[in-house]
Amino acid sequence: MARVTLTDVNKIYPSRGETVHAVKDLNLEIEDGEFVALLGPSGCGKTSTLRMIVGLEAITSGEIAFDGRRVNELDPQRRNVAMAFETYALYPSFTVAENLAFPLQVMGLAEAERTAKVREMAAMLRLEDILDQSPGALSGGQQQRVSLGRALIREPAAFILDEVMSHIDAHLKFRMLFDLKRIHRDLGRTMIYVTHDQVEALALADRVAVMSQAELRQVGTRNELYHRPADVFVADFIGEPPTNFFPVCLRAAGNGAGPARLHVEGEDSDLVFDLAPARAARLRETGAERFIAGIRPQNLHLAGAEANVDVATVARWGAAAAGAGAGAGGAEERAGSRTGEVTAEVTISEYLGERVILTLRNGSRVFRALASPETRAARGERVRLRYDPQNVMVFSASTEALIA
Ligand SMILES: Nc1ncnc2c1ncn2[C@@H]1O[C@H](COP(=O)(O)OP(=O)(O)OP(=O)(O)O)[C@@H](O)[C@H]1O
Ligand SMILES: [Mg+2]
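Residues numbered from 1 in each chain as written. Chains lettered and ligands numbered in written order. Predicted model: local features only at pLDDT ≥ 70, side-chain atom pairs only at ≥ 80, totals over all residues.

Comments concerning the site of ligand 1
- In the vicinity of ligand 1 lie 13 residues, with Tyr 13, Ala 22, Ser 42, Thr 47 and Ser 48 positioned nearest.
- For the shell around ligand 1, the elements supplying multiple residues, two or more each, are strand S1 (4-15), strand S2 (18-30) and helix H1 (46-54).
- For the shell around ligand 1, the leading source of residues is H1, giving three residues. (Near = placed C-beta within 6 Å. Helix = DSSP H or I, 4+ residues; strand = E, 2+ residues; numbered from the N terminus.)

Some thoughts on helix H3 (residues 111-124)
- Taking 1.5 Å per residue as the helical rise, H3 with its 14 residues ought to reach 20 Å, and the 20 Å between its terminal C-alpha atoms agrees with that figure.
- Turning to H3, its buried residues are Arg 114, Val 118, Met 121 and Ala 122. Burial along H3 is one-sided: seen end-on, the buried residues are contained in an arc of 100°. Among the exposed residues of H3, those pointing more than 90 degrees away from its buried face are Ala 112, Glu 113 and Ala 123.
- Of the residues trailing H3, Arg 126 is marked for its positive phi of about 55°. (Expected span 1.5 Å × (residues − 1). Buried ≥ 20, exposed ≤ 12 C-beta atoms within 10 Å, placed from the backbone. Arc of directions from axis to C-beta.)

A few points about unusual backbone geometry
- Looking along the chain, the bond that leaves Glu 240 and enters Pro 241 is cis, with omega of -10°.
- In this structure, Pro 241 sits in the loop between helix H8 (232-237) and strand S11 (244-252).
- The residue Arg 16 is not glycine, and still its phi comes out positive at about 45°.
- Considering the arrangement of structural elements, one finds Arg 16 in the loop between S1 and S2.

Comments concerning helix H4 (residues 140-152)
- If you check H4, its first and last C-alpha atoms are 18 Å apart, about what 13 residues at 1.5 Å a residue would give, namely 18 Å.
- Burial analysis of H4 places 10 of its 13 residues in the buried class, the great majority of the element.
- Among the residues of H4, those classed as buried are Gln 142, Gln 143, Gln 144, Arg 145, Val 146, Ser 147, Leu 148, Gly 149, Arg 150 and Leu 152.

Some details on the sheet that holds strand S6 (residues 81-84)
- Reading across from one edge, S6-S7-S8-S3-S9-S10 is the order of the six strands in this open sheet, with mixed pairing throughout. At either margin of the open sheet sits one strand with a lone partner, and together these are S6 and strand S10 (215-220). Geometrically, the sheet is characterised by an average inter-axis angle of 15° between neighbouring strands, direction not taken into account.
- Of the strand pairs in this sheet, strand S3 (residues 35-39) and strand S9 (residues 207-212) are connected by four bridges, and their pairing is parallel. Bridge pairing in S9 links Val 36 to Arg 207.
- Contacts from H4 reach S6 and strand S7 (158-162), with the element oriented near 175° to S6. (Pairing = 2+ DSSP bridges. Axes fitted to C-alpha atoms, helices over the stretch in contact; angles between N-to-C directions. Contact = placed C-beta atoms within 7 Å.)

Focus on the pairing of strand S4 (residues 61-66)
- The pairing of S1 with S4 spans five bridges and is classified as antiparallel. Paired with Thr 7 across the bridge in S4 is Glu 63.
- Judged from the two bridges that link them, S4 and strand S5 (residues 69-70) form a sheet pairing that is antiparallel. Within the sheet, the bridge partner assigned to Phe 66 lies in S5 and is Arg 69.
- Taking the residues that link successive antiparallel strands as the turn, the S4-S5 hairpin has two residues, and the phi of Asp 67 there is positive, at about 50°.

A word on the nonpolar core
- Grouped together as the largest cluster of nonpolar side chains are 107 residues, with contacts concentrated most on Ala 37, Ile 160, Ile 192, Tyr 193, Ala 209 and Ala 293.
- Counting the residues that make up this core, at least three belong to each of domain 1 (4-237) and domain 2 (244-396).
- Leaving out residues up to four positions away in the same chain, Ala 37 has contacts with Tyr 193, Thr 195, Ala 201, Leu 204, Ala 205 and Val 208. (Core = buried A, V, L, I, M, F, W, Y, C linked by C-beta atoms within 7 Å. Domains from an automatic or database assignment.)

As for the domain arrangement of the protein
- Here the protein is described as being made up of domain 1 (4-237) and domain 2 (244-396).
- Each side of the interface is counted separately: domain 1 has seven residues, and domain 2 has eight residues.
- Of all the secondary-structure elements, those providing two or more residues to the side of domain 1 that touches domain 2 are helix H7 (222-227) and H8.
- A class-by-class count of the residues in the side of domain 1 that touches domain 2 yields three nonpolar, two polar and two charged. (Nonpolar A, V, L, I, M, F, W, Y, C, P; charged D, E, K, R; others polar.)

A short note on the pairing of strand S16 (residues 340-351)
- As judged from the six bridges shared by S16 and strand S19 (residues 382-387), these two strands associate in the antiparallel manner. Across the sheet, the residue bridging to Ala 344 is Val 383, located in S19.
- The turn joining S16 and strand S17 (residues 356-362), which pair antiparallel and follow one another in sequence, is formed by four residues; a positive phi near 75° is taken by Gly 353.

Spelled out as structure tokens, the structure:
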């Protein structure tokens, strides 16, 4: 079992006379038995972080500890972690079954026990039909599953998995995500899972650590990342389709101290978002006038007859915003919130089976909303969109950090 602690960890690679700062001052604590995903775009430092945890890469500065014990100088073998990487590194002269059995052989398990475990893993990862083949005869997705199986077959202190499903087709991946979650539950081992795919990260992990450009941006549950993103990057990266962002200017609505409105800047745009009083106060405290507002396409709802949204759905928005930790504000703020409304013209309507993505325009501003498949809003039509002011996120225009 292992609690993994990274303290002020840096990785700097020398690169053709220059240096690449691949991981910057990373602080992260992964609890014993926890499933944490490292999520971020290509090149943000995920693999470098994993390789330092595993011991395949020297740590430039900082400390990595397992259960409070520094492991910086410890060989990979002595860290007792099992790993699987995107590139498979299977033994080419062994069959699939022998590849799976190898770690067990090293551990000194008897043959009968090895065979039983290989059979169990093969069933779980759907490898039964290819057990006698050699890796060279397998597809990328099959090799990836064997590689994952070889890591999972051991019972180490921690599993370190790097993009292990990148070559597996969507249908099978869905089942494997489920299986991996179950394996984690059954074994109760610490798992660190690297991916650039938010669907994988959010489906699997207890907490997700979001990285960008060598830095950790936020660590949180999927709810925290979705409802309280630390900054513009996280709000943009988490959620599909991405959050709509607008440069806005804060103006008082009415007599000054109470509610306020966010006027979207831009030619010919008359978009205005309402803010609840408590949040307006938070913005005023900053002394700034300009901010970045963000609202998710899921939180903009077509209003009126064209929407085909029943009254119960509309009532649910409020309930959802007020639900367990989902809303941003306190109870008193929620009580003061009401539904806001903006108008826009539909420019594109994309039908995606169970939902429709509307691309909308208001002056020079383009943004998106999700609608139900029955939506009849057609191109060129002017529509009204309702939102709950609780779902308007406001970020600093200078630091891009979440303010309210
Ligand atoms: N051995 C190396 N020498 C020099 N630079 C490196 C080395 N390994 C990685 N880098 C650089 O460090 C940065 C982080 O790379 P890393 O592989 O950790 O990213 P990643 O988040 O895993 O990306 P991906 O999603 O593409 O796998 C990149 O700019 C990369 O070019
Ligand atoms: Mg990588």
